[in-house]
Amino acid sequence: MSLVCPFCNADPAPDVPVSGSYVLLGCVRCYNPLIACLEVEGHKARALPGANDVRAMAPKGSIGGTIFAELPDVLDRLPVLPAISIKVLALVDDAQSSMPGLAKLIREDSVIAAQILKIANSAFYGGLSEITELDVACARLGMRTISNAVNTVATANLFESKDPGITRLLERLRTHSIVTAFAANELANLLSEPKPESLYFAGLFHDVGKIALLDIIAKSTADTVDQLRQSPGLVHEVLHNYHQLVGLHTIGRWNLPHDFGVTTYFHNNPEAVHVDAWRRRTHIVALANVIAHVSGFGLEEESAELSLLGHPSAAFLNMTDIKLANLRVDLEEKFEQALDAFGVAVPA
């Protein structure tokens, strides 16, 4: 069904079928975030409450304007999300799926299969004896853990660059993303959420917009971006200001379920979520993101002081100070072991 963007009067997402009561979209013409809602007379695209026109906030010739002008090309050249990631998520979500079926799917990619065997034999996940068969590895780890491991391994190439400075940022970003994913999964289990592996995936991609932004910063020939590269502080400011919207467009380009666009766009401002069905998942990812930061796994070497107790997501999820303290102790004992299992270096 055709939609009309309230900002530019174009169809904001002509290739994306709109289904359900509410869908978060990014207009492919003017880049503004929109909510498509099902009304009596059909679907309508509306501006998010309180949202300003991106074109006014990032005018032509500014750093922001340059970023959005180059965004289509960046999205075209970003590595395609591995098909195995979506297939594994769908298989785990299928009540009729089986462990042999999961092993068969993973076996189709020999590189990932070898890495899953290595992870199954790591100190964090390993048992009393070495595993040499993928079926046994899947049985040892369990379907949900295998799903998390496959998605972590399969998406490693997204965090690569030929620019040494950008590489360092991407390495820290990958570490932060894995830790956030792990924390989101643990929170989901603690809160008895039905699909913790889906929240692991949401945590893994909550900052995906920063990957696209770093690609622009590394490759753009525009004078404004060249000036940006000379200021690390300004780079972090740009990443902070634009990554959520750029992330929403990245999720859309990959045709991922809209739930992941919601957590990607709102994780830094979960209180702005006004659709009830979106709130709980967003608050879980938002709190997991803050847990990663306060545990020393932020993108910046010296992250801003953040408070778990004062965070709105802690209150929304009824996480008391005792629950938070116990969770942090439990997670901090596991973070470095989990990173080591994936062969990811802990930031100095």
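Our structure's up above, just so we're on the same page.
Model, not experiment: these values are computed from the prediction.

## Points about the overall build of the protein chain
The helix and strand tally for the protein chain stands at 16 helices and three strands. Here the C-alpha atoms of the protein chain give a radius of gyration of 20 Å, agreeing with the 20 Å that 2.2 N^0.38 yields for 348 residues. By the burial criterion, 53% of the 348 residues in the protein chain qualify as buried. Here the analysis covers contacts within the protein chain between residues at least 6 apart in sequence; of these, 63% occur between residues at least 24 apart.

## Observations concerning the packing of helix 4 (residues 99-107) against helix 6 (residues 134-141)
Where helix 4 meets helix 6, the axes come as close as 9 Å, and the angle between the chain directions of the two elements is 125°. In terms of axis orientation, helix 4 runs oblique to helix 6. Crossing handedness for the pair helix 4 and helix 6: right-handed. Here Met99, Ala103, Ile106 and Arg107 of helix 4 come into contact with helix 6, specifically with Leu134, Asp135, Cys138 and Ala139.

## Let's talk about the pattern of salt bridges
Scanning all chains against the criterion turns up 14 salt bridges. With its nearest N and O atoms 3.3 Å apart, the salt bridge here joins Arg144 to Glu197. Taken together, the positions of Arg144 in helix 7 (residues 143-154) and Glu197 in helix 9 (residues 196-204) put the pair 53 residues apart, joining distant regions of the chain. Under the relative-accessibility criterion, Arg144 is labelled partly exposed at 42%.

## Structural notes on the side chain of Gln244
Inspection of the secondary structure assignment puts Gln244 in helix 12 (residues 232-253). We classify Gln244 as buried; its relative accessible area is 15%. Residues contacting Gln244, with those up to four places away along its chain left out, are Thr264, Tyr265, Phe266, His267, Asn268 and Asn269.

## A look at the side chain of Thr264
Tracing the chain through its elements places Thr264 in helix 13 (residues 258-266). Here Thr264 falls in the buried class, since its relative accessible area comes to 0%.

## Focus: the packing of aromatic side chains
Within the structure shown, the criterion is met by 11 aromatic pairs. For the pair Phe124 and Phe182, a centre-to-centre distance of 6.1 Å together with 50° between the ring planes defines the contact as tilted. Placement of the pair is Phe124 in the loop between helix 5 (110-120) and helix 6 and Phe182 in helix 8 (residues 164-190), with a sequence separation of 58 residues. For Phe124, a relative accessible area of 23% translates into the label partly exposed. Overall, the relative accessible area of 9% leaves Phe182 in the buried class. Here the aromatic rings of Tyr265 and Phe266 are separated by 4.9 Å at their centres, their planes lie at 90°, and the arrangement is edge-to-face. Of the two residues, Tyr265 and Phe266, both sit in the buried class. Through a chain of ring-to-ring contacts, the aromatic side chains of Phe124, Tyr125, Phe182, Phe297 and Phe335 assemble into a single cluster.

## Considerations on the nonpolar core
The biggest cluster of nonpolar side chains holds 107 residues, and the ones touching the most others in it are Phe68, Ile106, Ile116, Leu287, Ile291, Met319 and Phe342. Here the element with the most residues in this core is helix 8; it accounts for 12 residues. The contact partners of Ile106, leaving out residues within four places of it in the chain, are Ile84, Ile112, Ala113, Ile116, Leu134, Cys138, Ile146 and Val150. In terms of nonpolar packing, the next biggest core, distinct from the first, is built from 12 residues, Leu3, Cys5, Ala13 and Leu25 among them.

## Focus on unusual backbone geometry
Despite not being glycine, Ser192 has its phi angle at roughly 60°, a positive value. Topologically, Ser192 is positioned in the loop between helix 8 and helix 9. Positive phi is not limited to glycine here, since Asn318 has a value of about 60°. With respect to the helices and strands, Asn318 occurs in the loop between helix 15 (312-316) and helix 16 (321-341). Residue class for Asn318 comes out exposed when judged on its relative accessible area of 57%.

## Let's talk about helix 16
For helix 16, spanning 21 residues, the distance from its first C-alpha to its last is 30 Å, which sits close to the expected 30 Å at 1.5 Å a residue. At Lys334, helix 16 shows its largest bend, some 30°. Considered for burial, the residues of helix 16 that qualify are Leu324, Leu327, Leu331, Phe335, Ala338, Leu339 and Ala341. With its phi angle positive at about 70°, Gly343 sits one or two positions after the end of helix 16.

## Some thoughts on the packing of helix 10 (residues 208-219) against helix 12
Where helix 10 contacts helix 12, the axes come no closer than 6 Å and their chain directions differ by 115°. Regarding helix 10 and helix 12, the two cross each other, and that crossing is right-handed. Note on element contacts: helix 12 touches helix 10 through Val235, Val238, Leu239, Tyr242, His243, Val246, Gly247, Thr250 and Ile251, opposite Val208, Gly209, Lys210, Ala212, Leu213, Leu214 and Ile217.

## Side note on the state of the cysteines
Under the criterion given, the structure shown has zero disulfides. Between Cys5, a cysteine without a disulfide, and Cys30, which holds the nearest cysteine sulfur, the sulfur-to-sulfur distance is 3.7 Å.

## Regarding the environment of Leu199
Position of Leu199 relative to the elements: it lies in helix 9. As a C-alpha pair, Leu199 and Ser21 span 178 residues in sequence and 21 Å in three-dimensional space. Beyond its immediate chain neighbours, meaning those up to four positions away, Leu199 contacts Ala184, Ala188, Glu193, Arg281, Ile284 and Val285.

Reading guide: rules and limits
Residues numbered from 1 in each chain as written. Predicted model: local features only at pLDDT ≥ 70, side-chain atom pairs only at ≥ 80, totals over all residues. Heavy atoms only, no water. Helix = DSSP H or I, 4+ residues; strand = E, 2+ residues; numbered from the N terminus. Rg over C-alpha atoms; globule rule 2.2 N^0.38 Å. Buried < 20%, exposed > 50% of the residue type's maximum accessible area, 1.4 Å probe, protein only. Contact = heavy atoms within 4.5 Å. Axes fitted to C-alpha atoms, helices over the stretch in contact; angles between N-to-C directions. Parallel < 35°, antiparallel > 145°, perpendicular 65-115°, else oblique. Left-handed = near helix turned anticlockwise from the far one by under 90°. Salt bridge = Lys/Arg side-chain N within 4 Å of Asp/Glu carboxyl O. Phe/Tyr/Trp six-rings, centres within 6.5 Å; stacked < 30°, edge-to-face > 60°. Core = buried A, V, L, I, M, F, W, Y, C linked by side-chain atoms within 4.5 Å. Expected span 1.5 Å × (residues − 1). Bend = angle between axes of the 7 residues up to and from the residue. Disulfide = S-S within 2.5 Å.

By themselves, these are just geometric observations and shouldn't be taken as functional.
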